[in-house]
Amino acid sequence: MHEPAPHDRVENSGISRRFVLKSAGAAGAGAGMGLGGSAVAAGAATPSAPAAGSGRRAATMIGVPFERRGTARIAVIGLGNRGAAMTDLFLALPGVRISALCDPVRAKAEKVAAAVTAAGRPAPALYTSGEDDYEKLCERGDIDFVYVATPWEWHFPMAKAAMTGGKHVGVECPAAMELDQLWQLVDLSERTRRHCIQLENCCYGRNEMRVLRMAHAGLFGDLLHGAGAYLHDLRALMFSPTYYEGPWRRRWHTRLKGDLYPNHGFGPVANYMDVNRGDRAVRITTFGSPALGLAAYRAQHMPPGDPSWKESYVSADLSVSLVQTAKGRVIRLEHGVCNPHPYSRLNILGGTRGVFEDYPPRIYLEPEMSGDTWGDFSRYGQWDHWLWKEHADPPGGHGGMDYLMLFRLVQCLRLGLVPDFDVYDAATWSAPVPLSHASIRAGGAPQDIPDFTRGLWRRARPGVDSAKP
């Protein structure tokens, strides 16, 4: 699926020393990311406790609408593969102005700016003076929403700068890499009254949205279990000298043992089960296979003396997590990007009346089906979400889900609607990153998943299964 756009790194570690000092220092000893070390889940022993020093709680962001506006003024930080492609989709939407662009590689910013003006839109301001120029962008007064498509270690400080600057922000996956950072995003969203959204495009896939509506209509009966994954052979891309700007993504495999990218699988299944909207994810247990795939690929394809030979990989080639919810349901998450495997997100949902499994899509529902033969999922097109009924052949990547995600985001911005996701979803879907690492390090011991909603998960409320405005 989508790969965040790259930024330059300034040290061989793949994370600049300035970034480490700025983002890890606040977390305290044992919670930060040292150069060449592994990230430790901050507060893993007591993860239900909010971040230390966060002070008095502000009001929740649940149910808070955007301010209504005629034009959605967008800034994009990170103009590599992902950021540039998504800027093109923003330009395909009415009522959007690209106010500013940011990337330390000026040629990338200029190329995207040229596409903006070629589409007949005003020229955006450019921020290309080093890796911290995004801070100045976030101070502008003509931006409503900041879209962040950068390497993972930058998601937290950039989202923080956007909200501090009075902007709503949408972040590519994951929202942050440490538990303390996720709590800080929750606290900051509540304090600034700005939304921090995980832009999870897989929640807008046609199959995912159809299954969501079928589940909410009761076709699967009482829900029991689900599964989601990111199984995608990324070896060639991670060692490519051009696909990513530097080895930042591969370097994460030297730091964390667990699920580095849970959101694509977790988000849709969480939606099926109304996680944070009547149920909640309570704990996670993770086991990991040996880390052999990247080293084997390097031995076969990389020449002696390549910088990658200094790397030692620790991330499990396959991590398998089990998440239990407050209602006793079970969600299985898998992550594997270092071995041969056809692309799959699993996308499974089972209940007392039947089951759906994707890749390829197939369904089995009682009473209309019996025996050992799967049913034809294409027969259930009447359950398509209204977005897919209005946009049967949407433009853009990943089968159109990218476009529909941005269409819906801009629609909510312009009409003053409550967004489909909020900061509590972003934090929940990203929490398996540090917690799966902690579980593997502890021999598979369960790790508590924080209640980022502080008890408000019990309230039923809309999400992606939204009413047409």
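This text gives an overview of the structure that appears in the document. Note that this is a predicted model, so its numbers are computed, not measured.

## Digging into the sheet that holds strand 1 (residues 72-77)
Read from one edge to the other, the open sheet built from 6 strands follows the order 3-2-1-4-5-6, with strand pairing classed as parallel. Looking at strand neighbours, the two that pair on one side only are strand 3 (125-127) and strand 6 (196-198), the edges of this open sheet. This sheet shows a mean twist of 25 degrees between the axes of neighbouring strands, independent of strand direction. Of the strand pairs in this sheet, strand 5 (residues 168-171) and strand 6 are connected by 3 bridges, and their pairing is parallel. From the neighbouring strand, valine 169 faces strand 6, where its bridge partner is cysteine 196.

## Quick notes on the nonpolar core
In this structure, Phe90, Leu137, Tyr204 and Phe220 are the most contacted members of the largest nonpolar core, which totals 114 residues. Here the element with the most residues in this core is helix 13 (residues 401-415); it accounts for 10 residues. Core analysis: the next-biggest nonpolar cluster, separate from the first, contains 20 residues, Met177, Phe239, Tyr244 and Met302 among them.

## As for the packing of aromatic side chains
One pass over the full model with this rule turns up 16 aromatic pairs. Here tryptophan 152 and tryptophan 248 contribute two aromatic rings whose centre-to-centre distance is 5.4 Å and whose plane-to-plane angle is 80 degrees, an arrangement assigned as edge-to-face. You can see tryptophan 152 sitting in the loop between strand 4 (145-148) and helix 5 (155-164) and its partner tryptophan 248 sitting in helix 9 (residues 248-251), a full 96 residues away along the chain. Across this residue pair, the class does not change: tryptophan 152 and tryptophan 248 are buried. Aromatic pair tyrosine 230 and tyrosine 261: ring centres 4.7 Å apart, planes at 65 degrees, arrangement edge-to-face. Of the two residues, tyrosine 230 sits in strand 7 (residues 223-231) while tyrosine 261 sits in the loop between helix 9 and helix 10 (263-272), which places them 31 residues apart along the sequence. Just as tyrosine 230 is buried, tyrosine 261 falls in that class too. Three or more aromatic residues link up through ring pairs in this structure, and these residues are Trp152, Tyr230, Tyr243, Tyr244, Trp248, Trp252, Tyr261, Tyr343 and Tyr359. We note arginine 249 situated over the ring of tyrosine 261; from NZ or CZ to the ring centre the distance is 4.7 Å.

## Notes on the environment of alanine 467
Mapped onto the fold, alanine 467 is located in the segment after strand 14 (447-448). Residue class for alanine 467 comes out exposed when judged on its relative accessible area of 62%. In the structure, alanine 467 is positioned 81 residues away from tryptophan 386 in sequence and 8.1 Å away in space, judged by C-alpha atoms.

## Considering empty space enclosed by the protein
Within the structure shown, the criterion is met by 3 cavities of 30 Å³ or more. Roughly 90 Å³ of volume is contained in the largest cavity. Lining of the largest cavity is provided by Phe66, Ile197, Leu199, Tyr204, Met405, Arg408, Leu409, Cys412, Pro419, Asp420 and Phe421. Tallying contributions element by element places helix 13 first for the lining of the largest cavity, with 4 residues.

## A closer look at helix 7 (residues 206-216)
Residues of helix 7 that are buried: Glu208, Met209, Arg210, Val211, Leu212, Met214 and Ala215. Buried residues along helix 7 sit against strand 7, helix 10, strand 11 (348-351), strand 12 (354-357), strand 13 (362-365) and helix 12 (386-390). Looking one or two residues past helix 7, glycine 218 carries a phi angle of roughly 90 degrees, positive in sign.

## Side note on helix 14 (residues 423-430)
Within helix 14, 8 of the 8 residues are buried, leaving the element largely enclosed by the surrounding structure. Among all positions of helix 14, only Val423, Tyr424, Asp425, Ala426, Ala427, Thr428, Trp429 and Ser430 are buried. Where helix 14 begins, one side-chain oxygen reaches toward the backbone nitrogen of tyrosine 424, 3.1 Å away; that side chain belongs to aspartate 422.

## Examining the environment of leucine 322
As for its placement among the helices and strands, leucine 322 is situated in strand 9 (residues 319-325). Taking the C-alpha atoms as reference points, leucine 322 and glutamate 334, 12 residues apart in sequence, are found 9.0 Å from one another.

## Looking at the sheet that holds strand 9
Within the open sheet, the 8 strands sit side by side as 13-12-11-7-10-9-8-14. Their pairing is mixed. Of all the strands in the sheet, the pair left with one neighbour each is strand 13 and strand 14. Bridging between strand 7 and strand 11 involves 4 bridges; their strand directions are antiparallel. If you follow leucine 223 over to strand 11, its bridge partner there is glycine 351. Those strands touched by helix 15 (residues 432-441) are strand 8 (281-288), strand 9, strand 10 (330-336) and strand 14, and its axis lies near 55 degrees from that of strand 8.

Criteria and cut-off values
Residues numbered from 1 in each chain as written. Predicted model: local features only at pLDDT ≥ 70, side-chain atom pairs only at ≥ 80, totals over all residues. Heavy atoms only, no water. Pairing = 2+ DSSP bridges. Helix = DSSP H or I, 4+ residues; strand = E, 2+ residues; numbered from the N terminus. Axes fitted to C-alpha atoms, helices over the stretch in contact; angles between N-to-C directions. Core = buried A, V, L, I, M, F, W, Y, C linked by side-chain atoms within 4.5 Å. Buried < 20%, exposed > 50% of the residue type's maximum accessible area, 1.4 Å probe, protein only. Phe/Tyr/Trp six-rings, centres within 6.5 Å; stacked < 30°, edge-to-face > 60°. Lys NZ or Arg CZ within 6 Å of the ring centre and 35° of its normal. 1 Å grid on protein atoms, 1.4 Å probe; cavity = no way out; pocket = protein on both sides within 12 Å on 5 of 7 lines; lining within 4 Å. Points joined across faces, edges and corners; volume = space filled by probe spheres on them. Contact = heavy atoms within 4.5 Å. Polar contact = N/O pair within 3.5 Å; in protein donor to acceptor, adjacent residues only side chain to side chain.

Purely geometric stuff here, so don't read any function into it on its own.
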